[in-house]
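# Report on the structure
What follows is the residue order along each chain.
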Amino acid sequence: MSGKRLKRQLLKKKLFTKNRLVILNEDTFEEIFSLKLTLMNVFVVATVGAVLIIFVTTYIIAFTPLREYIPGYASSKLKKDATELALKSDSLSNALKKNEAYIQSIKRVLTNDLDYAKLSKDSIVPAEGMSPDKANLNPSEADLKLRKEVEQEDKYNLFEKAKPRVGLVLFAPVKGHITEAYNARNKHFAVDIAVAKDTPIKSIANGTVIFADWTPSNGNVVIVRHNDGIISVYKHCESLTAEQGDVVRTSEVIAIAGTTGEQSTGVHLHFELWKDGYPIDPTQFISFE
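I will try to describe carefully the structure that is included in this document. Computed from a predicted structure; not experimentally measured.

### Quick notes on unusual backbone geometry
With phi around 65°, D228 is a residue other than glycine that occupies positive phi space. Mapped onto the fold, D228 is located in the loop between β7 (219-226) and β8 (230-240). The partly exposed category is assigned to D228, whose relative accessible area is 37%. Residue H236 is not a glycine yet carries a positive backbone phi of 65°.

Below, the structure is given as structure tokens:
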């Protein structure tokens, strides 16, 4: 116990022993400044100084714009700009997906790549509480009468023979000899017109370009949407002079004739005309020769 007490007394004596810090002039040894210190005073001052430095540094980092100059901390403006760019990028991505879905739908319509619903006797669901065997699948008298009326209308209104109503005056995209005519039975919903290479291809009427790009099978393709539900399609072009979204006028050059795409058989224009989603024979409204 006496040894520990002695050590405590020595430690206390060291901590509280007064020392003098003196600053002298090196040449004259004149005393300029002196200060009485103890180890305890030095320890307390150093501790308080360290706490103040930590507090001030934390305050600067947390609540002042000076933190932007500290390596590793991003500026608030940069974070704001990054957030706005992320939102714009997400909006553009959604718009692009919608446009791609729209273009794919138009392509499927123009290429006749449509999925038809299959309906059979087995696919009919009877009313609740009725077994399939007891379900009455025979048409009523009203249904039979309606079927006869529709058959009579279809008999004298065949799609291939009837001339669809088009309220626009359509001009020829090019002048030339028709090498392959429109034939719905063979699923050739177009006319192929033989023309010289680099012949200008013109829009048949005022409209908006809804597709203008290169495809592997049809080469450079332009699709123009006109009024009255009419869509015109120009395939196997050598080059395109119109872009998607352009508003074109009647007889305005939208492409140059050539032979591009895997299905091209020579320099010609593969021209299609659609009305309300159905293909029609362009020669009914346009004179190509």
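### Describing the pairing of strand β11 (residues 268-275)
In terms of burial, β11 is largely enclosed, as eight of its eight residues are buried. The alternating pattern of β11 places H268, H270, E272 and W274 on one face and L269, F271, L273 and K275 on the opposite face, and all of these are buried. As paired strands, strand β4 (residues 191-194) and β11 are joined by four bridges and run antiparallel to one another. Across the sheet, residue V191 finds its bridge partner in β11, namely F271. Note: β8 against β11, six bridges, orientation antiparallel. For K235, the partnering residue across the bridge sits in β11 and is H270. Relative to strand β12 (residues 278-280), β11 runs antiparallel, the two being bridged by three bridges. Residue pairing in the sheet places L273 in a bridge with I280 of β12. Taking the residues between adjacent antiparallel strands as the criterion, β11 and β12 are bridged by two residues, where D276 takes a positive phi near 55°.

Reading the values: rules and limits
- Residues numbered from 1 in each chain as written.
- Predicted model: local features only at pLDDT ≥ 70, side-chain atom pairs only at ≥ 80, totals over all residues.
- Heavy atoms only, no water.
- Helix = DSSP H or I, 4+ residues; strand = E, 2+ residues; numbered from the N terminus.
- Buried < 20%, exposed > 50% of the residue type's maximum accessible area, 1.4 Å probe, protein only.
- Pairing = 2+ DSSP bridges.

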